[in-house]
Amino acid sequence: NKIKKMEKAKKDEAKRAYWSDEEFAKSKQQGNEAFKNGKYPEAVRFYDDCIRRKDNDLNSNGEDLAIIYSNRAACYTKLMEPHMAVSDCEKANKFNPNYVKAYLRKGTALEAMKKHSEARTAFNAALQLEPTSSEAQEGVQRCIQKSYETRNDEASIKERVKNDPEVIAIMQDPSMRLILDLYRP
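Everything numeric in this text was worked out from a predicted model, so none of it was measured.

Once that is clear, we can look at the nonpolar core. Formed by 35 residues in total, the largest nonpolar core has its most connected members in Ile 68, Tyr 69, Cys 75, Leu 104, Phe 123 and Ala 126. Looking at this core, the elements that each hand over two or more residues are α2 (21–36), α3 (40–52), α4 (62–78), α5 (82–95), α6 (100–112), α7 (116–129) and α8 (134–151). Element by element, the count of residues in this core is highest for α4, at 7 residues.

Written as structure tokens, this is what we have:
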């Protein structure tokens, strides 16, 4: 038991020794440069390093970590990994619930996953924080349009009609059955 405690203390000490604001800033800058140059896997590695360079238990580091998680989410979106992007955006919002970019990136990733109602919720959260955000307004409009498109395709209309209690009652009415049988080719 003492050995386990000592090993844990050693790991914690090594972790604390790795924390550095200067190295954090350097890794962040390198990650941003890699992102601008379209080297998304490399940017993810730099952002991973940034996350390890800050104590995620301190509230004072919340804003920095929210930015890094959001930036890494942008990389994952570019790499077509929307699940990872959503996860990072949720972490970013945990660290800073008022960070609009994280909500916008989460909405974009959810759109890529074809989860339009959840994406709309994320875009609405961004609008709550920044009502003039054109990106959030456009995202909400896209989600509304997609939900209408999927709601009104032929298969979903048939499914809704088939399960509608009023239609079922009409179809079970003997006089309606007689009329339908007369006009059936």
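Right, picking up where we left off after that structure.
The next thing to look at is the packing of aromatic side chains. Applying the stated criterion to the full structure yields 2 aromatic pairs. Residues Phe 35 and Tyr 40 carry aromatic rings whose centres are separated by 5.2 Å and whose planes lie at 65 degrees to one another, so their mutual orientation is edge-to-face. Relative to Phe 95, the ring of Tyr 69 has its centre 5.8 Å away and its plane inclined at 10 degrees; by these criteria the two rings are stacked. Within this pair, whereas Tyr 69 is found in helix α4, its partner Phe 95 is found in helix α5, the two being separated by 26 residues in sequence. A residue is classified by how much of its surface remains accessible, and Tyr 69, at 8% relative accessible area, is buried.

Turning to the pattern of salt bridges, a few remarks are in order. Applying the stated criterion across every chain, the model contains 8 salt bridges. Note that Asp 49 is salt-bridged to Arg 52, the shortest N-O span being 3.7 Å. Linking Asp 49 with Arg 52, this pair stays in helix α3, spanning 3 residues, or about one helical turn. With a relative accessible area of 47%, Arg 52 lands in the partly exposed category. Measuring nitrogen to oxygen at the nearest pair gives 3.8 Å for the salt bridge that ties Glu 159 to Lys 162. Taken together, the residues Glu 159 and Lys 162, both in helix α9 (residues 154–163) and 3 residues apart, mark about one turn of the helix. Residue Glu 159 is classed as partly exposed on the basis of its relative accessible area, which comes to 40%. Taken together, the shared-partner salt bridges in this structure form one network comprising Asp 48, Arg 72 and Asp 88.

Position of Asn 93 relative to the elements: it lies in helix α5. In this structure, Asn 93 is in contact with Tyr 99, Ala 102 and Tyr 103, ignoring residues within four places of it in sequence.

Criteria and cut-off values
- Residues numbered from 1 in each chain as written.
- Predicted model: local features only at pLDDT ≥ 70, side-chain atom pairs only at ≥ 80, totals over all residues.
- Heavy atoms only, no water.
- Core = buried A, V, L, I, M, F, W, Y, C linked by side-chain atoms within 4.5 Å.
- Buried < 20%, exposed > 50% of the residue type's maximum accessible area, 1.4 Å probe, protein only.
- Helix = DSSP H or I, 4+ residues; strand = E, 2+ residues; numbered from the N terminus.
- Phe/Tyr/Trp six-rings, centres within 6.5 Å; stacked < 30°, edge-to-face > 60°.
- Salt bridge = Lys/Arg side-chain N within 4 Å of Asp/Glu carboxyl O.
- Contact = heavy atoms within 4.5 Å.

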